[in-house]
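Here is what each chain is made of, one letter per residue.
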Amino acid sequence: MTGARVRIGVAVPVPDPFGAELERWRTSFGDPQAQAIPAHITLLPPTSVGEADLAAAEAHLAGAAAGAAAFSVHLRGSGTFRPISPVVFVALAAGIGGCERLERGVRAGVLDRELDFPYHPHVTVAHDLPGGVLDEAYDALAGFDAHFEAREFCLYVHGADGVWQVRTRFALGEPQG
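Please read these numbers as outputs of a predicted model, since none were measured by experiment. Position numbers for residues start from 1 in each chain and track the written sequence from start to end. Only residues with pLDDT of at least 70 are given local features in this predicted model, and only at 80 or more are side-chain atom pairs given and counted; all residues enter the totals for whole chains, interfaces and linings. Calculated side-chain values reflect all of the structure's heavy atoms, with hydrogen atoms and water omitted.

### Quick look at unusual backbone geometry
Here is step 1: The linkage connecting Asp16 with the following residue, Pro17, adopts the cis geometry, with an omega of 10°.
Here is step 2: Only DSSP runs of H or I covering at least 4 residues are called helices, and only runs of E covering at least 2 are called strands; the numbering of each starts at the N terminus. By the secondary structure assignment, Pro17 is in the loop between β1 (5-13) and α1 (18-28).
Here is step 3: Positive phi outside glycine occurs at Asp128, with the angle close to 55°.
Here is step 4: For Asp128, the location among the structural elements is in the loop between β5 (122-127) and α4 (131-140).

Next comes the structure, spelled out in structure tokens:
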């Protein structure tokens, strides 16, 4: 296939004040991506698609959202993927199942792709930094605690300026039960 390509990602945004706080932490650790990546829980990692395929991707995502209900997320404490990957993150204490269901719905159909690592919902706060800085991030966020309702997920597009921008928001249905 030829034509222009665009880099997309799909994620549950972490709402403020928690998103802004986690973005400040990421900036404080010197992560060069801190200003380019809003705080989020990934559902589809960066993926290249044809610009002409964006409408089909959006239709697919609308279907995935229509079949999903909002759910509670509890972010608590820090974790790391080291030594496999130089990442420190804030862990999900609740909401994992909701994220996993969304991820399966999103990463299907026109957006079906293989992952480099098994899916593990989290919020990255430090990536590709020196070991001492990763240790500092891990320690600093060990006591982090936040609750929010995941009511939407977003299609993000990686701009020419290197910043991930929301292209489309997809509302989730009312919580079940």
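### Structural notes on the nonpolar core
Here is step 1: Here, nonpolar core refers to any group of buried Ala, Val, Leu, Ile, Met, Phe, Trp, Tyr and Cys residues whose side-chain atoms link them within 4.5 Å. The classification of residues rests on relative accessible area computed with a 1.4 Å probe and restricted to protein chains. Under 20% of the type maximum is buried, over 50% is exposed, and intermediate values are partly exposed. With 45 residues, the main nonpolar core has Ile8, Leu22, Leu75 and Phe153 as its most contacted residues.
Here is step 2: Looking at this core element by element, the count peaks at 5 residues for helix α2 (residues 54-66).
Here is step 3: Among residues more than four places away in sequence, those in contact with Leu22 are Val14, Ala39, Leu75, Val90, Val123, Val125, Leu141 and Phe144.
Here is step 4: Grouped together as the second largest cluster of nonpolar side chains are 7 residues, Ala11, Ile37, Tyr156 and Trp164 included. Contacts are assigned to residue pairs that have any heavy atoms within 4.5 Å of one another.

### As for the sheet that holds strand β4 (residues 87-94)
Here is step 1: When DSSP locates at least two bridges between a pair of strands, those strands are taken to pair. Strand order in the open sheet made by the 4 strands is β5-β4-β3-β6, with antiparallel pairing throughout. For this open sheet the edge positions go to β5 and β6 (145-150), each flanked by a neighbour on one side alone. Looking at each pair of strands side by side, their axes are set apart by 30° on average, direction ignored.
Here is step 2: Pairing geometry for β4 and β5, over 5 bridges, is antiparallel. The residue bridging Ala91 from the neighbouring strand is His122, located in β5. Fitting a line to C-alpha atoms yields each axis, with helices limited to the stretch in contact; the angle taken between N-to-C directions then spans 0 to 180 degrees.

### Side note on the pattern of salt bridges
Here is step 1: What makes a salt bridge here is a side-chain nitrogen of Lys or Arg within 4 Å of a carboxyl oxygen of Asp or Glu, nothing more. Under the definition given, this model contains 5 salt bridges.
Here is step 2: With a closest N to O distance of 2.9 Å, Asp31 and Arg26 form a salt bridge. Each of the two residues, Asp31 as well as Arg26, counts as buried.
Here is step 3: One salt bridge connects Asp135 with Arg82, and the closest N-O pair in it is separated by 2.5 Å. Taken together, the residues Asp135 in helix α4 and Arg82 in the loop between β3 (71-80) and β4 connect sequence positions 53 residues apart.

### A word on the environment of Glu174
Here is step 1: Mapped onto the fold, Glu174 is located in the segment after β8 (164-171).
Here is step 2: Residue classification places Glu174 among the exposed positions, given a relative accessible area of 58%.
Here is step 3: Spatially, the C-alpha atoms of Glu174 and His60 are 20 Å apart, while their sequence positions differ by 114 residues.

### A few points about the packing of aromatic side chains
Here is step 1: Aromatic rings from Phe, Tyr and Trp, with only the six-membered ring used for Trp, were paired whenever their centres fell within 6.5 Å, and each pair was classed as stacked if the ring planes differed by under 30 degrees, edge-to-face if by over 60, and tilted otherwise. Scanning all chains against the criterion turns up 3 aromatic pairs.
Here is step 2: Aromatic pair Phe153 and Phe170: ring centres 5.3 Å apart, planes at 25°, arrangement stacked. Of this pair, Phe153 sits in strand β7 (residues 152-158) while Phe170 sits in strand β8, and the two are 17 residues apart along the sequence. Per residue, the accessibility class of Phe153 equals that of Phe170, and both read buried.

### With respect to the environment of Ser48
Here is step 1: Locating Ser48 in the fold gives a position in strand β2 (residues 40-50).
Here is step 2: According to the relative accessible area criterion, Ser48 is partly exposed, its value standing at 43%.
Here is step 3: Each C-alpha atom of the pair Ser48 and Asp31 lies 24 Å from the other, and the pair is 17 residues apart in sequence.
Here is step 4: In this view, Ser48 contacts Arg5, Val6 and Arg7; residues no more than four positions away in its chain are not counted.

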